[in-house]
Amino acid sequence: MSFNATFASFPALEAFSAEAGGDLNILKSVSTLCLAFLVFYVYRLFLPSPKGSIRQLGGFPVATAWTFFSKRTDFILGHFKASAAPHFRFQVLQHQVVALRGEEARKAFFDTKSLNFTEGYKILFGAAPRLQDIAINTHNGDDASWFNKHILTLLGKRRLTEMLPSLLEDVNVRMIGWGKKGRFDPFKNIYDLVFQMTVRMASCSELAKDRATLDELQKLYWQLEKSSTPTALLLPWFPGPAKKRKRTATKELFTKIYDIVEARRKAAVPSSDAVDVLLGQGQSTTEVVEFIVNIIFAGVVNTGMISCWALVYLASHEEWMAKAKAEVKALIEKHTNTLSTESLSRRLATIPISAWEDEMPVMEAVIRETLRVTLTNTFLRRNVIDEFSVSNGTIQQGDFVAYNVADVHLNSEIYTNPREFDPGRYDPGREEDKKTTFGFVGWGAGRHPCTGMKVAKLEIKVIVTMMLAGFDFDIVDKNGKHITKIPVPDRNDIHQARPVGDQCFFEFERIVD
Ligand code: HEM
C-alpha cells in the first residue's frame, strides 16, 4: 500500500479536512478565547503566588512565555542574573515551568526518575514531526526506549565499521562538487554533508545515493525544523497558514520516506542497510519511517553545529590547528598505505573504527571543547509523578523543568575564562570538567545520555579529517578578507548557533584528492 493510501485511510484525517472547512468558526472563537485569557491573566497578577517557595515571575504571562520561546537562553540567564535564587517559576499558557540552576539542581534534573524526558520536549520544544501530527497513531511515537534500543544496535560499532567507506565516499563526492578552489558558507555546505551522512546511517543506500530526493527531504527537514516558532508553540491550535504548511511538509516528508521503505520491502535481495535490518526484524513500514525521521531530527542539528564550529575554532586557533593536523597525519601514516594512488577518502576508509575512536585524543578534546562553548540547549523535563524538593523549592506534579547548559558550561567557578576555546583544559592535571557533578553535559548525563554519540563523533571526525588532510582553508568574511576576531555563537539560535553579527566563510583550496 502506498503511504498516500495508508494516510487517506485514517478516519481522523477526514476529520482534518472537515476541520479545514471549519477554520472560519475557529477564527470566530479565537477572539472570545483571547478575551477570556486576558481577564484570567490580569486577575492572576493580583493574586499572591500559590507556590510560595519558588519565586514566580511577575509581568504579563503571554509576554513572558513569548521571550522564553523567542530568546530562550537570554530569558533564562537574564532572570537568574536578576536574583540570587537557584530557581524561578513562570507560566506558559496553562503550564507551569520551573527554571533551575546550580549543582544540586543539576544532579536532581538529570537523575530524578519522575522527570520525564519525552513529555518535557513535546510541548515546549516541538521540533520533530510526529505521525500523530498527521492523524496516524503508532505504538512507538512517544516511546524513547524503542528508539534508543534500535539506535544502539543499528548505529553500533559493527555497523559503523560497515558504513565507514560509504560515509567517506558521500563526503568525497560532495567535496568534489565544491571545486578545486573557492569560498563556501560552512553553515550550509557542512550541514549538507551531515544531512547526507545521517540519512545514509539511518536508512538505505538507494536514498543516500538519490541526490534529487535527498535535496527535497533536506528542504522539508529545514522547513519543519524551523517551524517551531513562538506562535506555533504557544498557539498550536491556531489554524493559520504556518500550521497548514507544517502539516503539508510533514505529510510530504513521511510520504517520500514511506515509498522508499516500501520499495525496500519488495526488494528481492535484502541488504545490510538500516531499513532492511528493521524490516527483517518484522517492523512495519510506518515504524521504519518513524525511526528514520526521528534519527534525522535527533542527529542533524547538533552534529552539523559541532562540525561547523570545530572547523571555525580550528581555523581561528593556529596552535590547535597544528596539533589536529599532526594527529591526522600520524593516523594516516600508521593505518593507510601512503604510497597508494587511491583517493584520500578510500585511504581513510582503511583506518579501523577503533583507531577513529581511541587514537584521536586531540580531536576528542576539540569536539568536547566545541560542545562546551557552542551548545545552546535548554534541557527540558516534566515531573509526571510525585512532587519533590530541590534547593528548598517544591517541584509540583505536572510542572515542566528547564535547565540551561550555560549554567555549567560557561560557569567561571568551574571553567577558567569559560568563553575561550581551550581544549587543553581537559588535560591530565587540569581536568576542569571533573570539578563538579555533571561538570560536562554536552552528551547528556544521568538517566538520558545521548545514544547517538558514537555515530555523531564519527561523522564529525570524518568531516574534520577530510578537511584537514584534503584542503588548505582560511576563515574569511563575505569579501574574502581573513577574520581576526574569533566568531561567537548566537546562543539564542537553537538550530545552528550561527555566529553573532556578520557571517563567516571558508576560503579553500584542495591539496589532496
Ligand atoms: C553532536 C551531535 C549530538 C549532540 C551534541 C547530542 C547531544 C545530546 C544530548 C545533550 C542529549 C540529552 C538531552 C537531554 O538530557 O535532555 C541527547 C540525547 C539523545 N540523543 Fe543526542 N546528540 C547528538 C547527536 C545525536 C545523534 C546523531 C543521534 C541519533 C543517531 C542522537 C540521538 C539521541 C537520542 C535518541 C537521545 C535521547 C536519549 C534518551 O531518550 O535517553 N543524538 N543528545
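- Looking up the protein chain in an unreviewed UniProt entry gives the name Cytochrome P450, with the organism given as Agrocybe chaxingu.
- Of the comments in the UniProt record for the protein chain, the one headed Cofactor (unreviewed entry) reads "heme".

Looking at the site of the ligand
Part 1 of the argument: Near the ligand, the surroundings consist of 28 residues, among which Tyr 121, Asn 148, Arg 381, His 448 and Cys 450 are the closest.
Part 2 of the argument: At 3.0 Å, a side-chain N or O of Asn 148 approaches an oxygen atom of the ligand.
Part 3 of the argument: Counted by class, the shell around the ligand contains 18 nonpolar, nine polar and one charged residues.

Describing unusual backbone geometry
Most peptide bonds take the trans configuration, and most residues that are not glycine carry a negative phi.
Part 1 of the argument: Even without a glycine there, the phi angle at Asn 392 is positive, about 60°.
Part 2 of the argument: In this fold, Asn 392 is placed in the loop between strand E6 (388-390) and strand E7 (393-395).
Part 3 of the argument: On the basis of relative accessible area, Asn 392 is assigned to the exposed category, the value being 70%.
Part 4 of the argument: The phi dihedral of Ala 497 falls on the positive side, at around 45°, and the residue is not glycine.
Part 5 of the argument: Within the secondary structure layout, Ala 497 lies in the loop between strand E9 (471-476) and strand E10 (505-510).

Observations regarding helix H14 (residues 241-266)
Part 1 of the argument: Counted at 1.5 Å a residue, the expected span for H14 with its 26 residues is 38 Å, and the 38 Å between its end C-alpha atoms agrees.
Part 2 of the argument: By the burial criterion, the buried members of H14 are Arg 247, Ala 249, Thr 250, Leu 253, Phe 254, Thr 255, Ile 257, Tyr 258, Ile 260, Val 261, Glu 262 and Arg 264.

Brief notes about the UniProt feature "transmembrane region" (unreviewed entry) in the protein chain
Part 1 of the argument: The UniProt record annotates "transmembrane region" (unreviewed entry) at residues 27-47 and 291-315.
Part 2 of the argument: Taken end to end, residues 291-315 is 100% helix and 0% strand, and its first and last C-alpha atoms sit 36 Å apart.

A few points about helix H7 (residues 117-124)
Part 1 of the argument: Among all positions in H7, only Gly 120, Tyr 121 and Leu 124 are buried. Along the axis of H7, the buried residues cluster in a sector spanning 90°; they form a single face.
Part 2 of the argument: Put simply, Asn 116 is the residue that caps the front of H7, since its side-chain oxygen is 3.1 Å from the backbone nitrogen of Thr 118.

Observations regarding the packing of helix H16 (residues 285-316) against helix H17 (residues 318-335)
Part 1 of the argument: Contact pair H16 / H17: the axes reach a minimum separation of 5 Å and the direction vectors enclose 115°. On the basis of their axis angle, the class for H16 and H17 is roughly perpendicular. Contacts between H16 and H17 involve Leu 314, Ala 315 and Ser 316 from the former and Glu 318, Trp 320, Met 321 and Ala 324 from the latter.

Looking at the packing of aromatic side chains
Part 1 of the argument: Overall, the coordinates contain 29 aromatic pairs when judged by the stated rule.
Part 2 of the argument: The interplanar angle of 65° and the centroid separation of 4.9 Å between the aromatic rings of Phe 80 and Phe 88 together place this pair among those described as edge-to-face. In this pair, the class of Phe 80 matches that of Phe 88, namely buried.
Part 3 of the argument: Measuring from ring centre to ring centre gives 5.8 Å for Phe 184 and Phe 506, while their planes differ by 90°; the resulting arrangement is edge-to-face. Here Phe 184 is found in strand E4 (residues 181-184), whereas its partner Phe 506 is found in strand E10, with 322 residues between them in sequence.

Some words on the pairing of E10
Part 1 of the argument: Pairing geometry for E4 and E10, over four bridges, is antiparallel. Pairing of Arg 183 across the sheet is with Glu 507, part of E10.
Part 2 of the argument: Note that E9 and E10 share six bridges and pair antiparallel. When the sheet's bridge partners are listed, Val 476 is paired in E10 with Phe 505.

Criteria and thresholds
- Every chain's residues receive numbers from 1 upward, in the order its sequence appears when written.
- With the structure being a predicted model, the display of local features is reserved for residues of pLDDT at least 70 and the display and counting of side-chain atom pairs for 80 or more, all residues being used for whole-chain, interface and lining totals.
- Side-chain numbers come from the whole structure's heavy atoms, not from hydrogens or water.
- UniProt positions are given in the numbering used here, feature names are shortened, and annotations may be inferred rather than shown by experiment.
- Whether a residue is near a molecule or strand is decided by its heavy atoms; if any one of them lies within 4 Å of it, the residue is near.
- Counting of polar contacts relies on pairs of N or O atoms within 3.5 Å, with two restrictions inside protein: one atom must be capable of donating a hydrogen and the other of accepting it, and residues adjacent in sequence are counted only when both atoms are side-chain atoms.
- Under the convention adopted here, Pro, Cys and the residues Ala, Val, Leu, Ile, Met, Phe, Trp and Tyr are nonpolar, Asp, Glu, Lys and Arg are charged, and Gly plus all remaining residues are polar.
- Only DSSP runs of H or I with at least four residues qualify as helices, and only runs of E with at least two residues qualify as strands; both kinds are numbered from the N terminus onward.
- The buried label goes to any residue with under 20% of its type's maximum accessible area, the exposed label to any with over 50%, and the partly exposed label to all in between, with areas taken from a 1.4 Å probe on protein chains only.
- For a helix, the expected span equals 1.5 Å multiplied by the residue count minus one.
- This arc is built from the directions going out from the helix axis to the C-beta atoms.
- Where helices are involved, their axes are fitted lines through C-alpha atoms of the stretch in contact, as for all axes, and angles between N-to-C directions lie from 0 to 180°.
- Relative orientations are named as follows: roughly parallel for angles under 35 degrees, roughly antiparallel for angles over 145 degrees, roughly perpendicular for angles from 65 to 115 degrees, and oblique for any other angle.
- Note on contacts: a residue pair qualifies if any of its non-hydrogen atoms lie within 4.5 Å across the two residues.
- Only centres within 6.5 Å qualify two rings of Phe, Tyr or Trp (six-membered ring in Trp) as a pair; their planes then separate them into stacked at under 30 degrees, edge-to-face at over 60, and tilted for everything else.
- A strand pair is defined by DSSP finding two or more bridges across the two strands.

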